[in-house]
Number of protein chains: 2
Amino acid sequence: MNFAMEHTSRITHPLESLLNPRSIAVVGASSNPNKQGYRYVQHLLNFGFEGKIYPVNHRGGNILGLEVYPSISAIPEPVDYVISAIPAEHVPQLVRDCAHKGVKLLQLYTAQLGETGIPERKQLEVHIADLAHRLGIRLLGPNCMGVYRPEIGLTFRFSSAKASGDVAFISQSAGHAAEVMYRGALRGLNFSQIVSYGNAVDINETELLEYLAHDPNTKIIAAYIEGVRSRDFPRVLKIAAEHKPVIILKVGRTQAGARAVASHTGSLVGDYVVWKGLMKQCRAIPVESIEELIDTAVAFAKLPQPKGRNVGVIGSGGGGSILAADEFELHGLHVPSLPKQVSNKIKTFLDDDRMIVGNPVDVSMIIPGGWGFEELKRISKTIASHPLYQILVGDAGEWRPDTPSEISDYQAMVSMFLEVRESTKKPMAIVLRPADHTEEWRWRCFVEQQQRCLSKGVAIFPSVGQTARALGKFVSYHLASSA
Amino acid sequence: MNFAMEHTSRITHPLESLLNPRSIAVVGASSNPNKQGYRYVQHLLNFGFEGKIYPVNHRGGNILGLEVYPSISAIPEPVDYVISAIPAEHVPQLVRDCAHKGVKLLQLYTAQLGETGIPERKQLEVHIADLAHRLGIRLLGPNCMGVYRPEIGLTFRFSSAKASGDVAFISQSAGHAAEVMYRGALRGLNFSQIVSYGNAVDINETELLEYLAHDPNTKIIAAYIEGVRSRDFPRVLKIAAEHKPVIILKVGRTQAGARAVASHTGSLVGDYVVWKGLMKQCRAIPVESIEELIDTAVAFAKLPQPKGRNVGVIGSGGGGSILAADEFELHGLHVPSLPKQVSNKIKTFLDDDRMIVGNPVDVSMIIPGGWGFEELKRISKTIASHPLYQILVGDAGEWRPDTPSEISDYQAMVSMFLEVRESTKKPMAIVLRPADHTEEWRWRCFVEQQQRCLSKGVAIFPSVGQTARALGKFVSYHLASSA
């Protein structure tokens, strides 16, 4: 932990090369497609891992067209990275074989160790960790899925997104790692890496955080943490959060949660009150669910830095506008009225002076009232360009086509938002409800508009409440750091 | 407001017959399909309104095969219910025509009245209300969509659900009325009625609540309220909430929200702190978003009464289980460990005694570990049948098919949950993530499993957090009332 983070540009963190292997061996490779020992090989092949892939199984043979080696030592070329999918009792011998071969990193998908709570299994975990430490092998896990790193074609699951990005996620839970990868992709998040690190007997949250803090490809760090393994964590978190936004979902907030943590990764959760204090002191960003972690990452990944708390909202209907006003204010943002100058200008666009246009703009007043998207666009651009408003939100919330003939209206609504967004350098989020419709044509309409927004790099959110919660944290972070 | 709610079985509330018209006239009926005056006629025809439909427009002609009458008085038969889609300035004359014809209820889609904040418009609204009162016509609105009542084929929107149910929703916002109708249907909510009541110059939240409190077809009342119009509200709310669960989304919690309310329905929001006290005192159920309103209504509509706070959770992965434990406990439920007796019994089902089964059950420990759904079903049923657990949750949260070949696994997971649910009389919720996938096969798989659950009357929720929030309120309500 003495790595000098302050001189990040010149020094390479030890994890950098470990997570960039040129060759990978999968030990416990299987020809049974339902076994993880098959899937690791399959994923690396499908995802196009750039280096060599060596399946290892004492039975030999072929898996997916690759020769299977009977042991690590039988592989003719150097091996950087080994994935273990064998039972825990065989891992000590594997560690020795890896040391002999000059392997640098051993990732243990292997579980049934410390997390079982069984004394002999805990002892075996400690023995494996000690042995690896003594023999100079770094361990990732046990009880973890490993690394997703699209840049080099490394992954641990089906249909992983190919695009690299600047968000990193580290997770003690493999399920959450896969969930953030999948649901993040639906929201346009691209990752530099996702690391599932399980029981963390060697490489832990602190070392990963230290590495990511100065990884030039990572601009935003997100983490799912069950228990902290290193006393250095507060110091490293403080430095990391000074460099980049660090979004953390910490679980075990309740007794039942703490008990579930113990049987998952064998971690000690610590006191949540102390944790909250630490987060605040370090200016890290706490979140309370996977959904909120993704929402918050979307805000940081997609939006330019905000200059203040004043939101201009192009709302949905009247009720939707009110909920938006309440939600944004309750999350620490402001929804100021239109200045007289703006109202007056807007009145010149409308041929009925009884129309009320406020902030939020109640779109239902304009569209069905006989005017249309052109008027709404002029209104929205007027608000967007006024210096009072520092953040913009377009809410297509309660709008949906009722019949296929209305699809073009929905498209026009999204086009209008996109055009307003392109007219300004201010951060602008768009609220598009989830594409969870039961009718195919409506589902398709929503998916198409979401994809269209994502292809332009827009921050989209599934509800006003989620938008407000994420933007509240995003804006507070930036205003505190510029203060 | 002197209607004797205490003798509900014998006396019919005045709104009962008003909301059950045998004939409806649409004034301002139009042949332009984009106008609301066309759509009202279209909706009534499509939805199969049981009574007569009379389009009214001074131009005459035909709309959708129906003869258009030049005026209300020209209609040869009695008219119970009139929908006004004409400009506000013509409404006073319409009120007189309605009085002459013996119309009982005039629903004003017509807007641009009190909500504009313009003095002349406010005066016009007051004038209309006074005139109607004097002439014995009841008003719904202005600035509202009206009534959805599937039992008689009355609706105000496209593709309304045909099935009647026992949930009623009253809403000052037409957008929220449509949203709850649409999104409620996606969650299997069936309605006795949904009433969009807008500016509430005559029929207001209090009268509607009073009516619904003793409507035998309504078991659950939900309301979206911007401002309360009657001083009787606290008294009526108290009585209503003694009879049925009353779920209320009250907006205008912030200054910006209050301002948006004023320009939407011209309501005064009141003090939210006072409001919260009233809700608590009356044992009404406050919610803070449309999503939460729907979730809470789903819990009350679909689940039998719980006997206590102890939840048995068949969790998703390890991380998902921990989040579930935290969420349920943070929302006032308990997630107690498995009693020794249960653990011991479960061990007899498993051929590896290192397997940890707790509460929540970490399903990922069982399925990929070489066992399968049969073992999981036996484990789940053992937990479900133990008297310690009073509520059950099956969380398919982070499970999804990675390839089409895994669809059958997802189906098997849902089947397992359904079988456990059928084995018990305890309330059991199932968490199924939204069907918002971009690939058609996966979207279809989710929609099919959701529909399958809905067809069996299951309470499904899109996330663990939303489940916990809704169940927390549901359980607290029932335990307080049985205390």
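Note that the structure is predicted; figures quoted are calculated from it, not measured.

A word on the interface of chain B and chain A. Counting residues at the interface gives 75 residues for chain B, matched by 75 residues for chain A. When the two sides are added together, the surface that chain B and chain A hide from each other amounts to roughly 6,100 Å², 52% of it contributed by carbon and sulfur. Seen at the junction of chain B and chain A, the total is twelve salt bridges. In this structure, Arg400(A) and Glu179(B) form a salt bridge, with 2.4 Å as the shortest nitrogen-oxygen distance. Joining chain B to chain A, the criterion identifies 32 residue pairs in polar contact (both at pLDDT 80 or more). For the side of chain B that touches chain A, the elements supplying multiple residues, two or more each, are helix 5 (174–186), helix 8 (255–265), helix 10 (290–302), helix 11 (318–330) and helix 15 (440–455) of chain B. In terms of residue count, helix 11 of chain B provides more of the side of chain B that touches chain A than any other element does, ten residues in total.

Glancing now at the relation of the copies chain B and chain A. Overlay of chain B on chain A (RMSD 0.0 Å): rotation 180°, translation along the axis 0.0 Å. The transformation relating the two chain copies, once decomposed into turn and shift, fits a two-fold axis. Nearest to the rotation axis, the C-alpha of Asp436(B) is located 2.1 Å from it, this being the minimum over chain B. Interface residue correspondence from chain B to chain A reaches 100%, placing this contact among same-surface, isologous pairings.

Attention shifts here to the nonpolar core. Counting residues in each nonpolar core, the largest one holds 208 residues, and the members touching the most others are Leu237(A), Phe328(A), Leu471(A), Leu237(B), Phe328(B) and Leu471(B). Of all the elements, helix 16 (residues 464–482) of chain B adds the most residues to this core, at eight residues. Excluding residues that lie within four positions of it along the chain, Leu237(A) makes contacts with Leu209(A), Val246(A), Ile248(A), Leu278(A), Met279(A), Cys282(A) and Ala284(A).

This part covers the pattern of salt bridges. Residue and element names in this part refer to chain A. Taken as a whole and judged by the stated rule, the model has 50 salt bridges over all chains. Put simply, Arg121 and Glu89 hold a salt bridge, and the shortest N to O gap is 3.3 Å. Taken as a pair, Arg121 in helix 4 (residues 119–135) and Glu89 in the loop between strand 5 (81–84) and helix 3 (91–101) lie far apart in primary sequence, 32 residues in all. With a relative accessible area of 11%, Arg121 lands in the buried category. Across the pair Arg183 and Glu179 runs a salt bridge, and its minimum N-O distance is 3.6 Å. Of this pair, Arg183 and Glu179 are both found in helix 5 (residues 174–186), four residues apart, which corresponds to roughly one turn of the helix.

Before going further, it helps to examine the environment of Ala284(A). Residues and elements named next belong to chain A. Tracing the sequence through the fold places Ala284 in the loop between helix 9 (272–282) and strand 13 (285–287). Separated by 44 residues in sequence, Ala284 and Ala240 have C-alpha atoms that sit 8.9 Å apart. If near-sequence neighbours (up to four positions away) are discounted, Ala284 is found in contact with Leu237, Ala241, Val246 and Met279.

Turning our eyes to something else, we now look at the confidence of the model for chain A. In the predicted model, chain A carries a mean pLDDT of 93, and 95% of its residues have values of at least 70. Across residues 1–9 of chain A, where pLDDT falls below 50, the model places 19 contacts with residues more than four positions away in sequence or in other chains.

One way to put it is that helix 15 (residues 440–455) of chain A packs onto helix 15 of chain B with a least axis distance of 12 Å and a crossing angle of 130°. The angle between helix 15 of chain A and helix 15 of chain B places the two elements in the oblique class. In terms of crossing hand, the pair formed by helix 15 of chain A and helix 15 of chain B is right-handed. Along its contact with helix 15 of chain A, which presents Glu440(A), Trp443(A) and Arg444(A), the element helix 15 of chain B presents Glu440(B), Trp443(B) and Arg444(B). Classifying every residue of the contact of helix 15 of chain A with helix 15 of chain B by side-chain character gives two nonpolar, no polar and four charged.

Conventions we followed
- Residues numbered from 1 in each chain as written.
- Chains lettered and ligands numbered in written order.
- Predicted model: local features only at pLDDT ≥ 70, side-chain atom pairs only at ≥ 80, totals over all residues.
- Heavy atoms only, no water.
- Contact = heavy atoms within 4.5 Å.
- Buried area = accessible area lost by both parts, 1.4 Å probe.
- Salt bridge = Lys/Arg side-chain N within 4 Å of Asp/Glu carboxyl O.
- Polar contact = N/O pair within 3.5 Å; in protein donor to acceptor, adjacent residues only side chain to side chain.
- Helix = DSSP H or I, 4+ residues; strand = E, 2+ residues; numbered from the N terminus.
- Least-squares fit on C-alpha atoms with pLDDT ≥ 70 in both.
- Core = buried A, V, L, I, M, F, W, Y, C linked by side-chain atoms within 4.5 Å.
- Buried < 20%, exposed > 50% of the residue type's maximum accessible area, 1.4 Å probe, protein only.
- pLDDT = per-residue confidence, 0-100.
- Axes fitted to C-alpha atoms, helices over the stretch in contact; angles between N-to-C directions.
- Parallel < 35°, antiparallel > 145°, perpendicular 65-115°, else oblique.
- Left-handed = near helix turned anticlockwise from the far one by under 90°.
- Nonpolar A, V, L, I, M, F, W, Y, C, P; charged D, E, K, R; others polar.

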